[in-house]
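Overview (structure and organization)
If you want the building blocks of each chain, they are given just below.
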Amino acid sequence: MSRKGIGFSQLPGLQFPARRRINRSRAGNMLVILFLLFCGTFTALPMWFALITALKPLNELWLYPPNLLFVRQPSLRNYADLFLLMSESWVPFTRYVFNSIFITVAGTAGNVIFSSMCAYPLAKKRFPGSRIYFRIIVFSLMFTQTVTSLPAYQIMSGLGWIDTYFALLVPAFAMPLGLYLMRQFMLSIPDSILESGRIDGAGEWKLFWILLMPQVKPAWLTVIIFSMQGLWNMASSNYIYREELKTLPYALGQIVTAGFARAGVGAAATVLVMIVPISVFIFAQSNVVVTMASSGIKE
Amino acid sequence: MPRLNDPRYLSGPNRQAGRQTRLRRLADTIRANRSSYLFMAPFSVVFIIFTVLPVLMAIFYSFSYFNLLEAPRFIGWTNYRRLLLEDDVFILALTNTALIAVVLGPAGYLLSFMFAWFINELPPKIRAFLTLLFYAPSLANIYIIWQLFFSSDAYGIINSYLISLGAIFEPIRWLHDARTLMPVVIIVLLWASLSTSFLAFIAGLQTIDPALFEAGAVDGVRNRWQELWFITLPTLRPQLMFSAIMSITASFAVGDTITRLVGFPSPSYAVHTIMHHLQDYGYIRFDMGYACAIATILFLLMVSVNEVVQMFLRRIGK
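As the structure is a prediction and not an experimental result, all values here were calculated from the model.

This part takes up the overall build of chain A. A tally of helices and strands in chain A yields 13 helices and 0 strands. Listed N to C, the secondary structure of chain A is α-α-α-α-α-α-α-α-α-α-α-α-α in terms of helices and strands. In summary, chain A has a C-alpha radius of gyration of 24 Å against a globular reference of 19 Å for 299 residues, an excess of more than 25%. Restricting the contact set of chain A to residue pairs at least 6 apart, pairs at least 24 apart contribute 72%. Summing over all exposed atoms, chain A offers an accessible surface of approximately 14000 Å²; the carbon and sulfur share of this is 68%. The centroid of the 24 positive side-chain charges in chain A is displaced by 14 Å from the centroid of its 11 negative side-chain charges.

Along its length, chain B carries 15 helices and 2 strands. For 318 residues, the compact-globule estimate of 2.2 N^0.38 gives 20 Å, and chain B exceeds it by more than 25% at 26 Å. Projected onto its principal axes, the C-alpha coordinates of chain B cover approximately 90 × 70 × 35 Å. For chain B, the proportion of its 318 residues judged to be buried stands at 52%. Across chain B, every contact between residues at least 6 apart in sequence was considered, and the portion connecting residues at least 24 apart equals 64%. Counting 24 positive and 18 negative side-chain charges, chain B places the averaged centre of each group 15 Å from the other.

Per the stated rule, a full pass over the model turns up 11 salt bridges over all chains. The shortest N-O distance in the salt bridge between Glu244 of chain A and Arg242 of chain A comes to 3.6 Å. In this structure, the salt-bridge partner of Arg31 of chain B is Asp28 of chain B, at a minimum N-O distance of 3.5 Å. Residue Arg31 of chain B and its partner Asp28 of chain B are located together in helix 1 (residues 15–32), separated by 3 residues, close to a single helical turn. Several salt bridges converge on common partners, so that one network encompasses Lys125, Glu195, Arg198 and Glu204 of chain A.

Two residues of an α-helix separated by three or four positions point the same way, owing to the 3.6 residues in each turn. Residue and element names in this part refer to chain A. What helix 5 (residues 130–140) keeps buried is the set Ser130, Tyr133, Phe134, Ile137, Val138 and Ser140. The buried residues of helix 5 occupy an angular sector of 165 degrees when the element is viewed end-on, so they sit on one face. For helix 5, exposure combined with an orientation more than 90 degrees from the buried face picks out Arg131, Ile132 and Arg135.

This part covers the interface of chain A and chain B. In this complex, chain A contributes 108 residues to the contact, which on the side of chain B involves 107 residues. Carbon and sulfur atoms make up 75% of the area that chain A and chain B hide from each other, which totals about 9600 Å². There are 0 salt bridges connecting chain A and chain B. At the boundary of chain A and chain B, one finds 18 residue pairs in polar contact (both at pLDDT 80 or more).

Residue and element names in this part refer to chain A. Parsing chain A into structural domains produces domain 1 (7–75) and domain 2 (87–292). On a C-alpha basis, the centroid separation for the pair domain 1 and domain 2 is 32 Å. The partner domain 2 presents 8 residues to the 7 residues of domain 1 that form the contact. Together domain 1 and domain 2 conceal approximately 590 Å² of surface at their shared face, both sides included; 87% is due to carbon and sulfur atoms.

The tally for this structure, following the rule as stated, stands at 42 aromatic pairs over all chains. On the basis of an interplanar angle of 20 degrees and a centroid distance of 4.4 Å, the ring pair of Phe115 of chain B and Phe134 of chain B is categorised as stacked. Note that Phe115 of chain B is positioned in helix 4 (residues 88–119) and Phe134 of chain B in helix 5 (residues 124–139), a separation of 19 residues in sequence. This pair shows no difference in class: Phe115 of chain B is buried, exactly as Phe134 of chain B is. An aromatic cluster of at least three residues, connected via ring pairs, comprises Phe35 of chain A together with Tyr109, Phe113, Phe115, Trp117, Phe118, Phe134, Phe198, Phe201 and Trp225 of chain B. In this structure, Arg82 of chain B packs its charged tip against the face of Tyr290 of chain B, placed 4.0 Å from the ring centre. In this structure, Arg285 of chain B packs its charged tip against the face of Tyr281 of chain B, placed 4.4 Å from the ring centre.

What follows concerns the domain arrangement of chain B. Per the domain assignment, the segments making up chain B are domain 1 (1–32) and domain 2 (78–314). Computed over C-alpha atoms, the centres of domain 1 of chain B and domain 2 of chain B are 50 Å apart.

A separate point is the nonpolar core. With 180 residues, the main nonpolar core has Phe198 and Phe242 of chain B as its most contacted residues. For this core, the element with the highest residue contribution is helix 13 (residues 263–292) of chain A, accounting for 14 residues. The residues touching Phe242 of chain B, leaving out its near neighbours within four places in the chain, are Leu141, Leu177, Tyr180, Leu181, Met292, Ser295, Gly296 and Ile297 of chain A together with Thr196 and Ala200 of chain B.

Tracing the backbone through its elements, the reader meets Thr257 of chain B in helix 13 (residues 255–262). When neighbours within four sequence positions are excluded, Thr257 of chain B is seen to be in contact with Tyr143 and Leu189 of chain B.

A cluster of nonpolar residues, Met30, Leu31, Ile33, Leu34 and Leu37 of chain A, forms a patch on the protein surface that exposes about 520 Å² of accessible area. With respect to the helices and strands, Leu34 of chain A occurs in helix 1 (residues 26–54).

A pair of packed helices is characterised by two quantities: the angle between their axes and the separation of those axes. Residue and element names in this part refer to chain A. The contact between helix 4 (residues 93–124) and helix 8 (residues 176–187) brings their axes to 8 Å, and the two run at 45 degrees. Taken together, the axes of helix 4 and helix 8 lie oblique to each other. As for how helix 4 packs across helix 8, the hand of that crossing is right-handed. Note on element contacts: helix 8 touches helix 4 through Gly178, Leu179, Met182, Arg183, Met186 and Leu187, opposite Val112, Ser115, Ser116, Cys118, Ala119, Tyr120, Leu122, Ala123 and Lys124. Residues that form the contact of helix 4 with helix 8 fall into these classes: 10 nonpolar, 3 polar and 2 charged.

Analysis parameters
- Residues numbered from 1 in each chain as written.
- Chains lettered and ligands numbered in written order.
- Predicted model: local features only at pLDDT ≥ 70, side-chain atom pairs only at ≥ 80, totals over all residues.
- Heavy atoms only, no water.
- Helix = DSSP H or I, 4+ residues; strand = E, 2+ residues; numbered from the N terminus.
- Rg over C-alpha atoms; globule rule 2.2 N^0.38 Å.
- Contact = heavy atoms within 4.5 Å.
- Areas by Shrake-Rupley, 256 points an atom, 1.4 Å probe, with all protein chains shown as cover.
- Lys, Arg positive; Asp, Glu negative; His and termini not counted.
- Charge placed at Lys NZ, Arg CZ, Asp CG, Glu CD.
- Buried < 20%, exposed > 50% of the residue type's maximum accessible area, 1.4 Å probe, protein only.
- Salt bridge = Lys/Arg side-chain N within 4 Å of Asp/Glu carboxyl O.
- Arc of directions from axis to C-beta.
- Buried area = accessible area lost by both parts, 1.4 Å probe.
- Polar contact = N/O pair within 3.5 Å; in protein donor to acceptor, adjacent residues only side chain to side chain.
- Domains from an automatic or database assignment.
- Phe/Tyr/Trp six-rings, centres within 6.5 Å; stacked < 30°, edge-to-face > 60°.
- Lys NZ or Arg CZ within 6 Å of the ring centre and 35° of its normal.
- Core = buried A, V, L, I, M, F, W, Y, C linked by side-chain atoms within 4.5 Å.
- Patch = residues over 30% accessible without salt bridge, like charges linked within 9 Å, V, L, I, M, F, W, Y side chains within 5 Å.
- Axes fitted to C-alpha atoms, helices over the stretch in contact; angles between N-to-C directions.
- Parallel < 35°, antiparallel > 145°, perpendicular 65-115°, else oblique.
- Left-handed = near helix turned anticlockwise from the far one by under 90°.
- Nonpolar A, V, L, I, M, F, W, Y, C, P; charged D, E, K, R; others polar.

Structure representation (structure tokens):
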């Protein structure tokens, strides 16, 4: 791709690839940029508002009308109040934090391992049932867990898993989207890598862990993002009734239901919860994009 | 691989022997691929127990009366007849679900594509930032903030601005008034509608060979819309199909978000969806048979809309 542009594309930071200049009018570009600015502002506003509200001292929280964009004297008072409220909770607050971290980490790890193991033969081999199996996986992308939740409850209670971590973890291991993305990405890994290992006499298990898994790192980072997004933000579950097993979003939701009186604390809690998946996404972003490039459905 | 449908084995006096040979060969192939099945076993066991089996059970229970205490009793189509002919709230839930899906599905899909397409033309650093910005709403769980925006008192952010601008004199009860609930819910859902499909489009657009656009320009493609229609869309068909599934399925699965925003049940059932109805009958009234009939209808609705759209997308550019 030639990057030799002319005019303002030579300014540092404005390196448009040359190809992008074909068929683009300046007026059109301006419209697109205005549109993106407008929608970007709408998208950013609630998140920005959460950030600044969390930093507002009490007197600024009660300003009328509230200041949407700025905070004059930022303070960490709301965070301090949040921790104070946490320490008063019936179940030690660290327990909610532990539950959320444990469920997210263990569920995500299981999901990555189970889906990549299952994706390997589906992507690299042909055997009786392989095509119909993949068809079923694509089909299962078409409905959500709402459909299965009632019978799943009965299965859980039959297994004695109600009010245990298993009820939250095990179903998360077999997320069809994870398997689907993993398989599509593995298709793009050249077979020659595995062939060379076979010639050296490596068994299937070794081929998978040592040769294939490092190659599909972008795919597992992507599965991690999608998996943790659901698990970390999970506020309630139909399978959990014991207070000791409930999660951080649930606990924070309980603290901040008091409306405007606790707006600052609520915003602080929101920021603390949202910062985790967003930072993981920033870290994994380029890998996610690489993986999603192979996500299409090809006949 | 042995030809399992070899005509020699399918007819004539050798049929019996043929079937045995076929079965033996199948068994041999399966044995030869033992390791593949072992690799698939952990995922498959969980998938069968928590996805396949529940779907079949839901369909089975939907034809029965089942209250979790007594054994299910077969009652034929009664649940469905009750749902469709006698249950006004279900019809309301169905209408609400359809309305949200009709707005949110296509809008989420088109917005995902448009943003991805526009962003794709920008320099890499800005592109990465905007990708993060537009995707962040589906990572962030900030319904508390939306509740502050649409709070029903005069201190609610939108109310306070409208009042100080003189547009209204009394606060609007956004999250309590049946007339404003649906638009508010749709705005919040739209805000978070750039999800998996958006990432798929971003990625797909970056992999299109730039030579295609140059060739197109030589062949007479004159503006960005022609380029979109003749080059970008046909090249992107695999992503278009995948993203359609993601957007459609997401547009039917909005129940949780609505509950977090306005609670359950919603005032006057204004944003009551099929999922809420299922929640009501399954976990509050313990009428499992009836709730499973709701689940089955939701299942058929999601799958059939998806299949129809896939059929349609497969024909693009053919």
